[in-house]
Each structure stands twice: as structure tokens, then as C-alpha cells.
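Summary of the model geometry
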Amino acid sequence: MLALAVRRILVAIPTLLAIVAAAFLLMKAAPGGPFTLERQLPPEIEQRMQAKFGLDLPVGEQLARYIFGSDEGGGLIRGDFGPSMTYKDKNVIEIIAEGAPTSALLGLGAMALALLVGGGLGVMAALRQNKIQDYAVMALAIAGVCLPPLVVGPVMQLLFGVQLGWFPSQGLYRDEFGLAYLILPIVTLSLPLIAIVSRLMRASMIEAMRSNAIRTARAKGLPEAQVIWRHALPIAILPVVSYVGPALAGVMAGSFVIETVYQLPGIGKQFVYAAQQRDYTLVMGVVLIYSFLIILMNLAADLMYRVLDPRTRTA
Amino acid sequence: MPISTNRRTLLTGAAGLGAAASLGACANARVVGFDKSRKSLDIANSSEPLSLDPHKATGSWENNIIGNMFIGLTTEDANSEPIPGMAERWEVSEDLLTWTFYLRRASWSDGEACDAHDFAFAMRRILSPETLSQYASFLYPIKNAELIHNPPEGTTALSPDELGVTAIDDLTLEIRLEHPAPYLPQLLKHYTAYPIPKHVYERVGDEWVKPANIQVNGPYKLTRWWSNYIIHLEKNPRFYDTENVELEHLYFYPQNDVQAAARRVLSGEAGWATRFPSNQVEVLRRDLPGYVRVSPYLTVNYFSFNMTRPPFNDARVRQAISMAYDRDFVASQIYRTGEQPAYKFIPPGVYNYATTARYPWAGQPLEERKREAERLLREAGYGPNNPLRFAFSHRNTSDNPRVAVVAQNDWNAIAPWVTVELRGVENQVHYANLRAKNFDCGDGGWIGDYNDAKNFLYLFESRTGAQNYPGYNNPIYDQLIRDSDVERDDARRAQLMLQAEELLLREAPICCSVFINSTNLVHPDISGYEDNIEDIHRARWFGIRA
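All values derive from a computational prediction rather than experimental measurement.

Looking only at helices and strands, chain B has 16 helices and 22 strands in total. Taking 546 residues into account, the globule formula puts the C-alpha radius of gyration at 24 Å, and chain B, at 27 Å, falls close to it. Based on the C-alpha atoms only, the size of chain B along its principal axes is roughly 90 × 80 × 50 Å. Across the 546 residues that make up chain B, the buried fraction comes to 61%. When contacts within chain B are restricted to residue pairs at least 6 apart in sequence, long-range pairs at least 24 apart make up 68% of them. Within chain B, one finds 56 positive and 69 negative side-chain charges whose respective centroids are separated by 6 Å.

Here's what the structure looks like:
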């Protein structure tokens, strides 16, 4: 298992480099630049700005400078993500570090909720297959997938925040973390996840309940609860695990819509603003973090698989 | 361990999770946007500051924050009129070129003296090219400023030490000018002229503005800046007028989404929003009685014609297109907060500029203007056999796309052989196109940085370069602006600028559209908030109505 992990991490390095190069070139292809502003800069200042960030070099050299740094230091390989091109007082690491806790909290919270509620609902639907509960859950799941957070978010804000006044509708309680402030965004973010998890869970649970292993367990005379918890669930959860890995990376890297609707300080919002303002270094930083998370979570999912499914251990 | 549960509890357990989630909710207090007992104010500010360093800031939303932290030689009262700030009084020499400022005894928030040396240091820093200041050109009226910051091509830059600013002693600052600038007190209240703490800068350099290092000489001090989320300012007990500052805490939220800004006030989580969606003004007046504040503002929306290529290298075409556009409809129907149609370029109410300039055809009814436009276009050689086609490029943000549709409709209605195509793109791309002259006709807006007509007219000087979007190049216009720069008499100076504006309207490098109003939502119990043309409202003047 260790060998597998090490091998996968080694393969990840060229993958990351390829992603960096692709993202860098794509971004350079977009028209405009960080200093294309309403008010034009004096030519002297603009030249100095371009030189400071190396924007006057050919694209290939810019990329090399970004990855390997220049004589003055910097460069990805030294762990330096560079200065922000739009924020004049901050660098990329600082900005990501400010946003990451909120995004991670939101993502983990939403995924935990999705696993609990979605998993629970999926199991319930499977056990009550083709009964009213099953149809209800599947209808909910369809709704959850179809209604984008862009719609659900403001509706929840208006309903629970403004009309009923149960929850605060935006922010985090000024510059502190307020638990109540995270509930609406977590719920909004988790709705589509709940929908997907419950459908996955239902399908695999139905299949698991029909498997020979379960028939054997029942034949042994085990109580039904134990059959479900000990035997059916570990088999049924496998497809969910392989979905959750990359999905978790996705939600933890920040959701632009949720963070914008609820005015939360996450990196999803930073990413989109940075792209709009052509803050090349900040965009690259977030892309890197996101790719790293994806690779890490995929690896984690594979390792989980080995723990849960005895059949994969020999392979 | 066997789990003693059955299917039923399993089912109800899953369903009960939602209820459990809601239990934790009641624990936290909610933000009260205008908290009278805590003396705090939450502010929906229009955007995220990209710098809180007064030498690097560029936006009004940055000014909203920075202006609560620093005080220049002059500063603004609640009406945004210049009043003595760090300077208690000043004298002007006979030739109007040397100003001597006498400073009050005051200190930075760490107790160090804030004196003339900090000002001299700050002005040298902002004008030094290494600082990469984008707004340093504001200080060009100061002797040698331009030669230091942006020397003419082929010459080497002067050293910042040559700047015409001298600390004669701790409390006396002398500023020498390139040319008379009667508006200097207006200019010196701008953030580009704020002092910075020399002693901190010498220790930590550009990091001085981080919350851990920053020292301020104004009413509030920065305690936290959480990117794209919140900025927290706290009252500075060492501010010279601190006993008259009532609010203790200011929280600024970057609210790019203007709808969300209004929502934040509606839910009571902000006491002031620095703008609101103009088309919702009726609803807001009903739901938030006493909050809605609308005021004339130093802002004009205008369309640039690309004069460097056909069809807009012909003045007749430019004039025809300008005259066929129904700005009254746009002002009253697209914008809903009493905006004024622009039949001239400089917004009404600009300091010391009683303008009488108008488009020559401003009084004619629209139908007549459209007929006249068709006649002009035919005269310019367009007609059924030589149709006029051009693209109107616009920003795809806020009300701009809706304005574009009206303009397109008006221009297509001149004659069947006029065809206008719309090209909506994001801001950054739009301005890149304008600068590269990669457009036919393009929208844009200008917010005056200080209250003077020069700040508008300079846009179309030929030396302005790429930002002169139409590519207007008229030596007479340039000369009028240069003459107004060196004119000592206020009335004659205004007269010269008026001539320049009239020339602009006759030659029509641009089509003036609408004068935009400022819109704010302000808690009715905040006293000391006054509507003003610069839309600058410093929290030190705010009080709490019982």
C-alpha cells in the first residue's frame, strides 16, 4: 500500500507540471492583462509593472520563470507562488491562506452532511424499493440535482434569513467564525451532493442486498440491522467512495456561487475574481491547489477502496 | 459489537438529521449593521480594495476605507468641502506658486509625531517610479513631479529629492508648483497626498500597510483585512479630534453584487450600502423608509467614437450619431434614480465651473434631430447604396447592456440603411479594446477623481495617449487646456475650460450619454451623513440619533 502511495505521488509531479503549463498558456491566451484598466497607467509605470512581473518576456520564458524562479529567487519549485498581480499589498500564499479555512470548512461540512443525509436517504430508498419513500427520495434527488445553488441560495437566504429570521443570511459573523452563519451555505452546497450520494447509495445498496454475501448472512440468522450495517453497507459504499474523493476536492477548493451568494471569504470567489482581473499568479496558485487536492483525494479514495473491499487487496 | 437497531430507527435517524442541524443555529448572535450600543457600523462597500496603501490605491471604494485612516494637509467635511486637516492654515505667495502650510501638533497612532517630514517623505515616495503608483499624476502640479514620475521620452528621470516639497521645520511644509493651481486645497485632501508614517516605512518598507505594522494619523486604524470578505477599522484614540468621533468600529464588506448590497441592508446586517440597484428604488423606498439617498455625482457616461478610421473620422457622422441618441429615455427609463441626460460633458455642480456649454442641437425635439442626422449622414456619403454599418462595443455589466439596446435602436431608426451591431464584453477586455483603438463606437464612464473640470477635460488632450479613446487630436483644444493650467484668475480659467468643452461638443469625438447619480442606503439614525457631489462620507462625522 505504501509503495502504491509513493508511486502515485511521483506520477503526480509531472501531472501537476503539465496542468500548470496548460493553465498558464490558456490564461495568456485571454485578451487583456492585469494592468488594462479604466484609467491608463503612465507608460513609464506600466513598463516597470510589466518588468516587475516579467510580463515583458516571451510566454515560454514567463512560464519558466514562474516554475523555476529567476536569479532574485521565487519560483514554484522553491514553494513561492509569487506576488499577486492585482493585490498590491499581498502575495498569493497569503490570499489563499485567508480563503482556504472557510472553503475547507464549507466543503467538509457539506460532504459530511451529504454522506449522512444522502447516504441515509439512499439506504432508506433501497430498503423500501418501489414504495412511496423510495419515490419521494428519488424525486428529491432529481430536484436537488436540477436546482442550482444559484437559485437555491438566494431563496434560502430570503426564506430562512430575511422572512423567518432563523439564520443569519450572509458572512461569518464579521471577522469571526460563527457556527450559525455556516448552516445555510453548507446546506445549500450539500443539496446537489445529497442528491447524487443518495442515488448512488440507493443503486448500490439494492445491488448489495441481492448479493450472495447478504443471502449467506441472512441464512446465518443474523439480525437484519447487522446484515445491513456490517455486510451490505461496506459493499454498497464503494461507488460512493470513488465519487466522494474527487467531489470533495471540488467542494473544498471553493464554490464561487455559494461564496458569492453568502458573502463568504473562500478561495472559489478569489479564483473567479482573479481570472476576471487577469491576476495570473493568483489564478495559477488556486489551480495548483485544486489539482493537488484532486490528485490527493483520488489517491485517498483508492486507498479507502483497499480497506473496504477485500477483493482489491490482492491486485 | 452488534448494533441494536432496527430498520425503522435507521430510517427515522436519517430523516432526523435535518432537525438536528437547525438546533445549533440559535446560539450565535446576528450582526446588527448599525449597532448603537456597540457603536459599530457595517458598511456594504462597492468592491474589494486592491491596496490600502494610499500611494497605490485607485478606487473610490478604497478611498472609502483609506480616507477614514489618514488625514491630509486638508481634509473634507461632511459635505466633502475641503477644510483644514493636518494643516491648520496656509499662505500663498504673490505669484501663486509657493504654498506654505502650518501643521498642527499631532501624532501617529503609536505616539510618534506626525509632522511635515512625513508629508515630504510621502510625496517623494508616491512620485518615485519604483513605488509604481498609478495615481501619482494627481500631484503633477507640484514642481518637478512629472519629471520625476514620468519623464518625457529620451530624458532621464529627476531624483525624487528634486521635488518641490520642503519641510522647513517640523511643522512647516512648503510646496512649490509648476503653475498656479487654485484647486490645490481640493487636491490635497485626495488620498494621493496623504502622509505615511516615515518611521514605520524605514523599518519595514512596503509592508508598512499590513495590519501588524500600520500606523495612522486619522480617526480609524486598520485591525484586520480578510481578502474579499471584510475590513475592520477601530477608532484611533490618538487622532487629534478623537473626542468628536462617535463610532468605535467600522466593518467594510466588498459587495460587488449591488443586489446583495441592498439585501445586506434589508436584513439589517449593514447600516450603510454605498450603492443600490437603481431600478429597485421604488421598492427600497417602500421597504426601507428613510434609507434611500440619491445625489448628483461627478460621473458622466459617454460613448467614444474611434476617430482614427471610418466611419467616425468624419465629424458629420459623429454629430449625427450623437444627435439621434435618445438620452432622455435612457436617463428616465433605464436609470430610475433621477439621472440627468447629458447634453454636455462636464457634470453639473463642478466646483468653480458654471457651464453654459450644450450641444448646439440640444433644444430640438428628437424626431427633428433624427431627420437632421439622416441629412448629415447622406451629406457624408452614406445612403441606400452605401449603407452605414458599425459596431457598438459596451461593457456587459450593470445597466450598460440595456443602454446599448436603446442606443442601437435609436441609431437603426435613423434610416433603414443604418445598421448597428452590439458587442458586449467584460470590462477588462472592453478597455483593452478601447486603448488599442480596436472599436468603432464604445461606451465608457468617467468618475471625477477630484472636483475640478480639468479632471474631465484632460481625457481628450492629445498627450493623454491611449486613454484618449477617440484619438482626439486638436491643437486648439490642447492649447486651451494648457492655457487654463497656467491661468491665475479663477473666472478666466473657467472661461478657457468652457471654450474647450464647447469645442468638444462641436467636434463630437464623444457622444455624451447620462450624468449618473450616486445612490446610497443609509440608516436613518446615522446623523452627520450629508449628500454631496463627490460621494465622500467620512465616518468621523457620523453620529447616532437616539
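All right, on to the overall build of chain A then. Counting its regular elements, chain A contains 13 helices and zero strands. Ordered by position from N to C terminus, the α and β elements of chain A give α-α-α-α-α-α-α-α-α-α-α-α-α. Here the C-alpha coordinates of chain A stretch approximately 85 × 55 × 30 Å along the principal axes. Here chain A, with 315 residues, has 51% of them falling under the buried criterion. As displayed, chain A has an accessible area near 14100 Å², and 69% of this comes from carbon and sulfur atoms.

We now examine the side chain of Asp89(A). Within the element layout of this structure, Asp89(A) appears in the loop between α3 (59–68) and α4 (92–127). One buried charge, Asp89(A), has no salt-bridge partner; the nearest side chain with opposite charge is Lys56(B), at 5.2 Å. Side chain to side chain, Asp89(A) and Ser51(B) meet in a polar contact 2.8 Å long. Of note is the side chain of Asp89(A), whose polar atom sits 2.9 Å from the backbone nitrogen of Leu52(B). Contact partners of Asp89(A), with chain neighbours within four places excluded, come to Glu94(A), Leu50(B), Ser51(B), Leu52(B), Asp53(B), Lys56(B), Val209(B), Lys210(B) and Trp225(B).

So, on to a nonpolar patch on the surface. Among the surface-exposed residues, Leu2(A), Val6(A), Leu10(A), Ile13(A) and Leu17(A) lie close enough to one another that they form a single nonpolar patch of about 500 Å² accessible area. Here Val6(A) is to be found in helix α1 (residues 2–29).

Residues and elements named next belong to chain B. Positionally, Trp272 belongs in strand β14 (residues 272–273). Among the residues examined, Trp272 registers a relative accessible area of 3% and is labelled buried. Taking C-alpha positions, Trp272 is 7.2 Å from Asn520, a pair spaced 248 residues apart along the chain. In this view, Trp272 contacts Leu41, Asp42, Ile43, Ala44, Val265, Asn520, Leu521, Val522, Tyr529, His537 and Phe542; residues no more than four positions away in its chain are not counted. There is a polar contact of 3.0 Å between the side chain of Trp272 and the side chain of Asn520.

Atomic detail in the predicted coordinates should be set aside for any region of low pLDDT. Residues and elements named next belong to chain B. Averaged over every residue, the pLDDT of chain B is 90; residues scoring 70 or more account for 95%. A low-confidence stretch, residues 1–28 (pLDDT under 50), is modelled with 32 contacts involving residues beyond four sequence positions or located in other chains. Here the complex is predicted with pTM 0.84, and the ipTM for its interfaces comes to 0.80.

At the interface, 70 residues of chain A touch 79 residues of chain B. With both chains or domains summed, chain A and chain B bury close to 6500 Å², and 55% of this area falls on carbon and sulfur atoms. The tally of links between chain A and chain B comes to four salt bridges. With a closest N to O distance of 3.0 Å, Lys210(B) and Glu94(A) form a salt bridge. Remark: the boundary between chain A and chain B carries 23 residue pairs in polar contact (both at pLDDT 80 or more). Mapped onto the side of chain A that touches chain B, the elements with two or more residues apiece are α2 (43–52), α4, α6 (149–163), α7 (179–209), α9 (224–236) and α12 (267–276) of chain A. Here the element with the most residues in the side of chain A that touches chain B is α4(A); it accounts for 11 residues.

To continue, consider the nonpolar core. Residues and elements named next belong to chain B. Membership of the largest hydrophobic core comes to 104 residues, with the highest contact counts inside it found for Leu73, Phe101, Met123, Leu173 and Ile175. Sort the elements by how many residues they give to this core and helix α3 (residues 116–127) lands first, with eight residues. Residue contacts for Phe101: discarding those within four places in its chain leaves Leu73, Ala87, Arg89, Trp90, Leu171, Thr172, Leu173, Ile175, Leu184 and Leu188. One finds Phe345, Ala373, Ile510 and Val514 within the second-largest nonpolar core, a separate group that totals 76 residues.

Residues and elements named next belong to chain B. Strand order in the open sheet made by the four strands is β5-β6-β10-β9, with antiparallel pairing throughout. Both outer strands of the open sheet, β5 (87–92) and β9 (165–169), are each paired with one neighbouring strand and no more. Each adjacent strand pair in this sheet contributes to an overall mean axis angle of 20°, direction not counted.

Let us now look at helix α5 (residues 132–146) of chain A. Residues and elements named next belong to chain A. An ideal rise of 1.5 Å per residue puts 21 Å on 15 residues; α5 measures up with 21 Å between its terminal C-alpha atoms. Within α5, burial applies to Asp134, Val137, Met138, Ala141 and Gly144. Taken around the axis of α5, the buried residues stretch over an arc of 115°, which confines them to a single face. Turned more than 90 degrees away from the buried face of α5, the exposed residues are Ile132, Tyr135, Leu140 and Cys146. Buried residues in α5 make contact with α4 and α7.

The rules behind these values
- Residues numbered from 1 in each chain as written.
- Chains lettered and ligands numbered in written order.
- Predicted model: local features only at pLDDT ≥ 70, side-chain atom pairs only at ≥ 80, totals over all residues.
- Heavy atoms only, no water.
- Helix = DSSP H or I, 4+ residues; strand = E, 2+ residues; numbered from the N terminus.
- Rg over C-alpha atoms; globule rule 2.2 N^0.38 Å.
- Buried < 20%, exposed > 50% of the residue type's maximum accessible area, 1.4 Å probe, protein only.
- Contact = heavy atoms within 4.5 Å.
- Lys, Arg positive; Asp, Glu negative; His and termini not counted.
- Charge placed at Lys NZ, Arg CZ, Asp CG, Glu CD.
- Areas by Shrake-Rupley, 256 points an atom, 1.4 Å probe, with all protein chains shown as cover.
- Salt bridge = Lys/Arg side-chain N within 4 Å of Asp/Glu carboxyl O.
- Polar contact = N/O pair within 3.5 Å; in protein donor to acceptor, adjacent residues only side chain to side chain.
- Patch = residues over 30% accessible without salt bridge, like charges linked within 9 Å, V, L, I, M, F, W, Y side chains within 5 Å.
- pLDDT = per-residue confidence, 0-100.
- Buried area = accessible area lost by both parts, 1.4 Å probe.
- Core = buried A, V, L, I, M, F, W, Y, C linked by side-chain atoms within 4.5 Å.
- Pairing = 2+ DSSP bridges.
- Axes fitted to C-alpha atoms, helices over the stretch in contact; angles between N-to-C directions.
- Expected span 1.5 Å × (residues − 1).
- Arc of directions from axis to C-beta.

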